[in-house]
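Structural overview for review
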Amino acid sequence: LYLALMKRLYGSTFTLALLDDVVMSVDSGHRYQFCKLLKERFPETQFVITTHDRLWAEQMRSAGLVTGKSLVAFY
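Residues numbered from 1 in each chain as written. Predicted model: local features only at pLDDT ≥ 70, side-chain atom pairs only at ≥ 80, totals over all residues. Heavy atoms only, no water.

1. Here we look at the pattern of salt bridges
Rules: Here, a salt bridge means any side-chain nitrogen of Lys or Arg that lies within 4 Å of a carboxyl oxygen of Asp or Glu. Secondary structure follows DSSP: runs of H or I at least 4 residues long count as helices, runs of E at least 2 residues long count as strands, and numbering of each begins at the N terminus. Relative accessibility decides the category of a residue: with a 1.4 Å probe and only protein chains considered, values under 20% of the type maximum give buried, values over 50% give exposed, and everything between is partly exposed.
Applying the stated rule across the entire model yields two salt bridges. For Arg31, the salt bridge is made with Asp53, and the minimal N-O distance between the two is 2.9 Å. One end of the pair, Arg31, is in helix H2 (residues 28-41); the other, Asp53, is in the loop between strand S2 (46-50) and helix H3 (54-62), with 22 residues separating them in the sequence. Residue Arg31 is classed as buried on the basis of its relative accessible area, which comes to 6%.

This is the structure:
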């Protein structure tokens, strides 16, 4: 809902979004669909996504949402 609202309000100027652990309670199948949504519906938007879940970070990488160059891990 948030992403649809931002796209509606800002249109092509919606180029940056910060998402803080937005899928922490979502199962892995829906996480994959979320990655697909971001890649397909928002190709011109840069997302900064935070998470404490290493599995979710790996799912984003395997779905092609992030690359090794764009993934930062803090320990």
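2. Here's the deal with the layout of surface pockets
Under the convention used in this document: Whether a set of points on the 1 Å grid over the protein atoms alone is a cavity depends on a 1.4 Å probe fitting there but being unable to get out, while an open set qualifies as a pocket with protein on both sides within 12 Å along at least five of seven lines; lining residues are those with an atom within 4 Å of a point. Grid points are joined across faces, edges and corners, and a volume is the space filled by probe spheres set on the points. The residue classification treats Ala, Val, Leu, Ile, Met, Phe, Trp, Tyr, Cys and Pro as nonpolar and Asp, Glu, Lys and Arg as charged. All others, Gly included, are polar.
Its boundaries defined by the atoms lining it, the largest pocket holds a volume of some 790 Å³. Lining of the largest pocket is provided by 28 residues; of these, Ile49, Met60, Val66, Leu71 and Val72 occupy positions nearest its centre. At the level of secondary structure, the elements contributing two or more residues to the lining of the largest pocket comprise H2, S2 and H3. Residue composition of the lining of the largest pocket, grouped by class: 15 nonpolar, eight polar and five charged.

3. Here's the deal with the environment of Val48
Here is the rule: Contacts are assigned to residue pairs that have any heavy atoms within 4.5 Å of one another.
By the secondary structure assignment, Val48 is in strand S2. Residue classification places Val48 among the partly exposed positions, given a relative accessible area of 38%. In sequence terms Val48 and Ala17 are 31 residues apart; their C-alpha atoms lie 6.2 Å from each other. When neighbours within four sequence positions are excluded, Val48 is seen to be in contact with Leu16, Ala17, Leu18 and Leu19.

4. A word on the packing of H2 against H3
The condition is simple: With axes taken as lines fitted to C-alpha atoms, and helix axes fitted only over the stretch in contact, angles between N-to-C directions fall between 0 and 180 degrees. For classification purposes, angles smaller than 35 degrees are called roughly parallel, those larger than 145 roughly antiparallel, those between 65 and 115 roughly perpendicular, and all remaining angles oblique. Definitions for this section: a left-handed crossing has its near helix turned counterclockwise from the far helix by less than a right angle. A right-handed crossing has that turn clockwise.
One can describe the packing of H2 onto H3 by two numbers: an axis separation of 10 Å at closest approach and a directional angle of 45 degrees. With respect to H3, the element H2 is oriented oblique. You can see that H2 and H3 cross each other, and the crossing is right-handed. Facing H2, whose interface residues are Ser28, Arg31, Phe34 and Cys35, H3 presents Trp56, Gln59 and Met60.

5. Looking at H2
Convention followed: Here the expected span of a helix is defined as 1.5 Å times the quantity of residues minus one. Along the arc lie the directions from the helix axis toward the C-beta atoms. For this analysis, a polar contact is any N or O atom pair within 3.5 Å, provided that within protein one partner can donate a hydrogen and the other can accept it, and provided that sequence-adjacent residues contribute only side-chain to side-chain pairs.
Counted at 1.5 Å a residue, the expected span for H2 with its 14 residues is 20 Å, and the 20 Å between its end C-alpha atoms agrees. Those residues of H2 not exposed but buried are Arg31, Phe34, Cys35 and Leu38. Down the axis of H2, the smallest arc covering the buried residues is 100 degrees, so these residues share one side. Summarising the geometry of H2, the exposed residues directed more than 90 degrees from the buried face are His30, Glu40 and Arg41. As for H2, its buried residues are in contact with helix H1 (2-10), strand S1 (16-20), S2 and H3. The N-capping residue of H2, defined by a side-chain oxygen 3.1 Å from the backbone nitrogen of Gly29, is Asp27.

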